[in-house]
Amino acid sequence: MNTSTPAPASVTVIGLGPMGRATAAALMRAGHRITVWNRTASRADGLVADGATLAPTPAAAVEAADLVLLSLTDYGAMYDILGPVVANPRHAGALAGKVLVNLSSDTPDESRKAAAWARDLGADFLTGGIMVPAPAVGQPGAYAFYSGPKDLFHAHEPVLRLIGETKYLGADPGLAQLLYQAHLDVFLTALASLLHATALVTAAGVPAAEFLPDAMQTLTDIPAMVGSGQALAAELAAGEHPGELSTALMMRATADHITRTSAASGVDVELPNAVKSYYDRAIAAGLGTRNWTALYEVIKAQH
Ligand code: NDP
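Basis of the calculations
Residues numbered from 1 in each chain as written. Predicted model: local features only at pLDDT ≥ 70, side-chain atom pairs only at ≥ 80, totals over all residues. Heavy atoms only, no water. Near = heavy atom within 4 Å. Polar contact = N/O pair within 3.5 Å; in protein donor to acceptor, adjacent residues only side chain to side chain. Areas by Shrake-Rupley, 256 points an atom, 1.4 Å probe, with all protein chains shown as cover. Helix = DSSP H or I, 4+ residues; strand = E, 2+ residues; numbered from the N terminus. Nonpolar A, V, L, I, M, F, W, Y, C, P; charged D, E, K, R; others polar. Core = buried A, V, L, I, M, F, W, Y, C linked by side-chain atoms within 4.5 Å. Buried < 20%, exposed > 50% of the residue type's maximum accessible area, 1.4 Å probe, protein only. Pairing = 2+ DSSP bridges. Contact = heavy atoms within 4.5 Å. Axes fitted to C-alpha atoms, helices over the stretch in contact; angles between N-to-C directions. Expected span 1.5 Å × (residues − 1). Bend = angle between axes of the 7 residues up to and from the residue. Domains from an automatic or database assignment. Buried area = accessible area lost by both parts, 1.4 Å probe. Parallel < 35°, antiparallel > 145°, perpendicular 65-115°, else oblique. Left-handed = near helix turned anticlockwise from the far one by under 90°.

A.B. asks: Account for the site of the ligand, with residues named and values stated.
C.D. replies: Residues in close proximity to the ligand total 22 residues, the closest being Asn38, Thr40, Arg43, Leu72 and Ser105. Between the ligand and arginine 39, the relevant distance is 2.9 Å, taken from an oxygen atom to a side-chain nitrogen or oxygen of the residue. Arginine 43 has a polar side-chain atom sitting 2.7 Å from an oxygen atom of the ligand. Considered on its own, the ligand offers 900 Å² of accessible surface; in the complex 76% of this is hidden by protein. Residue assignment for the shell around the ligand shows that the elements contributing at least two residues are α1 (18-29) and α4 (75-87). Among the elements that make up the shell around the ligand, the one with the highest residue count is α4 (3 residues). Split by residue class, the shell around the ligand holds 11 nonpolar, 8 polar and 3 charged.

Quick look at the structure:
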């Protein structure tokens, strides 16, 4: 990784939710000249007070810099903002020669479509997925996935690295989005389980404060229980799922107990039912005496 300080450059940031604001602030701290635009203009107030320029229109924001970062709820918002710009005959060539780095969440296919859309308008496109929350942007430990043309990524890496460590995945614009979604799959499911379990204990009168500290311990103990990512990857690739310490049959019994405890408590059963259904299907497929990792066989794409 190139660790030299990038020369001050003009960068536009479109979208000023918590992530866009944190991104713009990180770049400003490094001395870059930042132009911002947001649908709700007041969200730019703090950045403007710190020296950013608020563009009056999306067209003016794009005009202000060759590098345009987008931090929006989804890719639809990018089209809502930039579509009218390029549809206006006065700004038809507005994106020509620009580099769009879309740091917003969406599907890998949407990232691929957006790269083609940008290319048709004469712009280059990188997909980005920032893997930390807003307060951690630009701090040690922050990182983000990127994909798209390799030379393009390397040309802009000195600026992108101000957001966090960069992890370049390859030319396919969908790759960064895929890896972002995969990590968020782990994250969102864990968060939902944390709330579900809290609802379970509080329904029985146990205060959340008595449960949650130990629940955090359970979360952080998982890597030690599951083993290294490399070991798990090898086991899944082999498709054998040996081991008798945590068989699918034993785990299914526990999943059933969680579902029944939830139902008896009046707590929503959708999440434990979904988990239990994986065990049911693994057992129906004859994998009951295998390790719990046998669930992978019923979860993965069936070709
Ligand atoms: P927010 O939802 O707070 O902000 C989204 C931005 O998108 C706002 O500027 C909003 O404008 C704008 N926007 C949404 N829809 C439209 C539209 N149709 N037209 C114009 N502007 C629109 O998101 P965050 O800042 O939290 O996140 C930005 C991206 O980063 C998301 O894709 C998110 O998944 C991702 N991310 C978020 C993390 C987090 O912890 N928050 C962590 C890592 C990634 P307005 O202000 O006018 O509503």
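A.B. asks: Hey, could you go over the nonpolar core for me, with residue numbers and the actual values?
C.D. replies: Core analysis: the biggest nonpolar cluster contains 32 residues, and Ile34, Leu69, Val101 and Ile163 have the highest contact counts within it. At 5 residues, the largest contribution of residues to this core is made by α1. Counting residues in hydrophobic clusters, the runner-up holds 21 residues, among them Val62, Leu72, Ile81 and Leu95.

A.B. asks: Would you mind going over the sheet that holds strand β6 (residues 124-130) in detail, with residue names and values included?
C.D. replies: Strands pair in a sheet through their backbones, by hydrogen bonds, and they do so in one of two ways: parallel or antiparallel. Across the sheet, 8 strands lie side by side as β3-β2-β1-β4-β5-β6-β7-β8; this open sheet has mixed pairing. Edge positions in the sheet fall to β3 (53-54) and β8 (165-168), since each has one partner strand and no second. In this sheet, β8 lies alongside strand β7 (residues 143-147) in parallel orientation, the contact comprising 4 bridges. If you follow phenylalanine 145 over to β8, its bridge partner there is lysine 167. Contacts from helix α7 (residues 174-203) reach β6 and β7, with the element oriented near 145° to β7.

A.B. asks: Lay out helix α8 (residues 208-226) with the relevant residues and their values.
C.D. replies: Relative to the 27 Å expected for 19 residues at 1.5 Å per residue, α8 spans 26 Å between its end C-alpha atoms, a close match to the ideal helical length. The largest bend along α8 reaches roughly 35° and is located at threonine 220, with the proline proline 223 sitting one to four residues downstream. Note on α8: the residue one or two positions beyond its end, glycine 227, has a positive phi of about 95°.

A.B. asks: Give me the domain arrangement of the chain: which residues, what numbers.
C.D. replies: In terms of domain boundaries, the chain breaks down into domain 1 (10-172) and domain 2 (179-299). Computed over C-alpha atoms only, the centres of domain 1 and domain 2 are separated by 37 Å. Each side of the interface is counted separately: domain 1 has 8 residues, and domain 2 has 5 residues. The largest share of the area that domain 1 buries against domain 2 comes from Ser105, Met131 and Phe145, three residues that together contribute 58% of it.

A.B. asks: Go over the side chain of threonine 35 with me, naming the residues and quoting the values.
C.D. replies: Among the secondary structure elements, threonine 35 is positioned in strand β2 (residues 33-37). Ignoring anything within four residues of it in the chain, the contact list for threonine 35 reads Val11, Thr12, Val13, Thr53, Ala55, Ala61 and Ala64.

A.B. asks: Outline the packing of helix α10 (residues 248-265) against helix α11 (residues 270-284), listing residues and values.
C.D. replies: One way to put it is that α10 packs onto α11 with a least axis distance of 9 Å and a crossing angle of 150°. The pairing of α10 with α11 is recorded here as roughly antiparallel in orientation. Helix-helix and strand crossings are classified by hand; for α10 and α11 the assignment is left-handed. In contact with Ala248, Leu249, Met251, Arg252, Ala255, Asp256, Ile258, Thr259 and Ser262 of α10, α11 contributes Pro272, Asn273, Lys276, Tyr279, Asp280 and Ile283.

A.B. asks: Describe the environment of alanine 294, and please don't skip the residues or the numbers.
C.D. replies: Counting through the fold element by element, alanine 294 comes out in the loop between α11 and α12 (295-299). A relative accessible area of 0% means that alanine 294 is categorised as buried. Discounting chain neighbours no more than four positions away, the residues touching alanine 294 are His241 and Leu287.

A.B. asks: Help me get a handle on the environment of lysine 98, residues and values and all.
C.D. replies: Relative to the helices and strands, lysine 98 is located in the loop between α4 and β5 (99-102). With 15 residues separating them along the chain, lysine 98 and lysine 113 place their C-alpha atoms 17 Å apart. Reaching out from lysine 98, the side chain makes a polar contact with the backbone oxygen of alanine 65 at a distance of 3.1 Å. Here the side chain of lysine 98 touches aspartate 66 through a polar contact of 3.5 Å, side chain to side chain.

A.B. asks: Help me get a handle on the packing of α7 against α10, residues and values and all.
C.D. replies: Any two packed helices are characterised by how steeply their axes cross, that is the angle between the axes, and by the distance between the axes. Direction vectors running N to C along α7 and α10 enclose 55°, while the axes themselves pass 10 Å from each other. Taken together, α7 and α10 sit at an angle that is classed as oblique. The chirality of how α7 crosses α10 is left-handed. Contacts from His196, Leu200 and Ala203 in α7 reach Thr261, Ser262 and Ser265 in α10.

A.B. asks: Describe the side chain of threonine 198, with residues and values.
C.D. replies: By the element assignment, threonine 198 lies in helix α7. Reaching out from threonine 198, the side chain makes a polar contact with the backbone oxygen of leucine 194 at a distance of 2.7 Å. Not counting residues up to four positions away in its chain, the partners in contact with threonine 198 are Ala208, Phe211 and Leu212.

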